[in-house]
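So the chains spell out like this:
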Amino acid sequence: MNTGPVPPRERGATIVPPHVVTRIATRTGRQVLAERTGANTVPRVSASVHPGTARLHLDLSLPYPLDLAPACRDIQRAVADQVGHLTGLRITEVTLDIRHLEAGNAERGRVH
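Residues numbered from 1 in each chain as written. Predicted model: local features only at pLDDT ≥ 70, side-chain atom pairs only at ≥ 80, totals over all residues. Heavy atoms only, no water.

Examining the pairing of strand 3 (residues 90-103)
Walk down a regular strand and you will see the side chains alternate between the two sheet faces. Taken together, the twelve bridges between strand 2 (residues 53-64) and strand 3 define a ladder with parallel strand orientation. Bridge pairing in strand 3 links proline 63 to glutamate 102. The handedness of the strand 2 to strand 3 crossover, carried by helix 3 (residues 68-87), is right-handed. (Pairing = 2+ DSSP bridges. Helix = DSSP H or I, 4+ residues; strand = E, 2+ residues; numbered from the N terminus. Right-handed = clockwise from strand over helix to strand, strands pointing away.)

Considerations on the nonpolar core
Core analysis: the biggest nonpolar cluster contains 23 residues, and Val21, Leu56, Leu58 and Ile91 have the highest contact counts within it. Breaking this core down by element, the ones donating at least two residues are helix 2 (18-37), strand 1 (44-50), strand 2, helix 3 and strand 3. No other element matches helix 3, which puts six residues into this core. Beyond its immediate stretch of four places on either side in the chain, isoleucine 91 contacts Ala54, Leu56, Ala80, Val83 and Gly84. (Core = buried A, V, L, I, M, F, W, Y, C linked by side-chain atoms within 4.5 Å. Buried < 20%, exposed > 50% of the residue type's maximum accessible area, 1.4 Å probe, protein only. Contact = heavy atoms within 4.5 Å.)

So, the side chain of threonine 28
Tracing the sequence through the fold places threonine 28 in helix 2. Judged by relative accessible area, which is 4%, threonine 28 ranks as buried. Only 2.8 Å separates the side chain of threonine 28 from the backbone oxygen of isoleucine 24, close enough to count as a polar contact. (Polar contact = N/O pair within 3.5 Å; in protein donor to acceptor, adjacent residues only side chain to side chain.)

Description of the pattern of salt bridges
In the structure shown here, the tally under the stated rule is four salt bridges. Note that aspartate 59 and arginine 99 form a salt bridge whose closest N and O atoms lie 3.6 Å from each other. Note that aspartate 59 is positioned in strand 2 and arginine 99 in strand 3, a separation of 40 residues in sequence. For aspartate 59, a relative accessible area of 14% translates into the label buried. Put simply, arginine 99 and aspartate 97 hold a salt bridge, and the shortest N to O gap is 3.3 Å. Using a relative accessible area of 53% as the deciding quantity, one classes arginine 99 as exposed. Its relative accessible area of 29% is what places aspartate 97 among the partly exposed residues. What emerges from the salt-bridge pattern is a single network uniting Glu35, Arg36 and Asp74. (Salt bridge = Lys/Arg side-chain N within 4 Å of Asp/Glu carboxyl O.)

Remarks on helix 3
The first and last C-alpha atoms of helix 3 sit 28 Å apart over 20 residues, in line with the 28 Å expected at 1.5 Å per residue. Buried within helix 3 we find Ala71, Cys72, Ile75, Ala78, Val79, Ala80, Val83, Gly84 and Thr87. Against helix 2, strand 2 and strand 3 lie the buried residues of helix 3. Trailing helix 3 by a residue or two, glycine 88 shows a phi angle of about 80°, which is positive. (Expected span 1.5 Å × (residues − 1).)

Considering the sheet that holds strand 3
Strand order in the open sheet made by the three strands is 1-2-3, with mixed pairing throughout. Taken across any chain shown, the strands that pair with only one partner, and hence form the sheet edges, are strand 1 and strand 3. Averaged over all pairs of adjacent strands, the angle between their axes in this sheet comes to 15°, without regard to strand direction. Contacts between helix 2 and the sheet are confined to strand 1 and strand 2, with strand 1 contributing the most and set at about 135° to the helix. Set on the sheet, helix 3 makes contact with strand 2 and strand 3; between it and strand 3 the angle comes to about 135°. (Axes fitted to C-alpha atoms, helices over the stretch in contact; angles between N-to-C directions.)

So, in structure tokens, the structure goes:
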């Protein structure tokens with residue numbers, strides 16, 4: 001006897017475990033780094049998940065030379081948007097630790 005839609009309060013909730021958020025953020029971080037910076041590295045990710053929200057922390061290596069401030073903002077925004085879209089969680093914070101700058105393929109010349 002279905003009398004109509006079940007009210008949200010009675011439907012329950014989908015819970016996304018932290019290890020799932022971490023795995024999604026790792027894959028997303030790798031993809032974003034490749035697209036935005038050309039880096040072929042995998043970030044180390046940790047996630048803190050609360051009902052409806054998550055905070056992410058990424059340890060990563062970036063290519064050198066790179067304008068770090070705009071690149072980091074772009075990475076944070078892209079990771080937050082994509083992880084939020086895939087998990088349904090509101091990403092409240094994405095912190096980055098740049099552990100290493102990797103020399104790029106740019107030609108090194110003499111500075112005059």
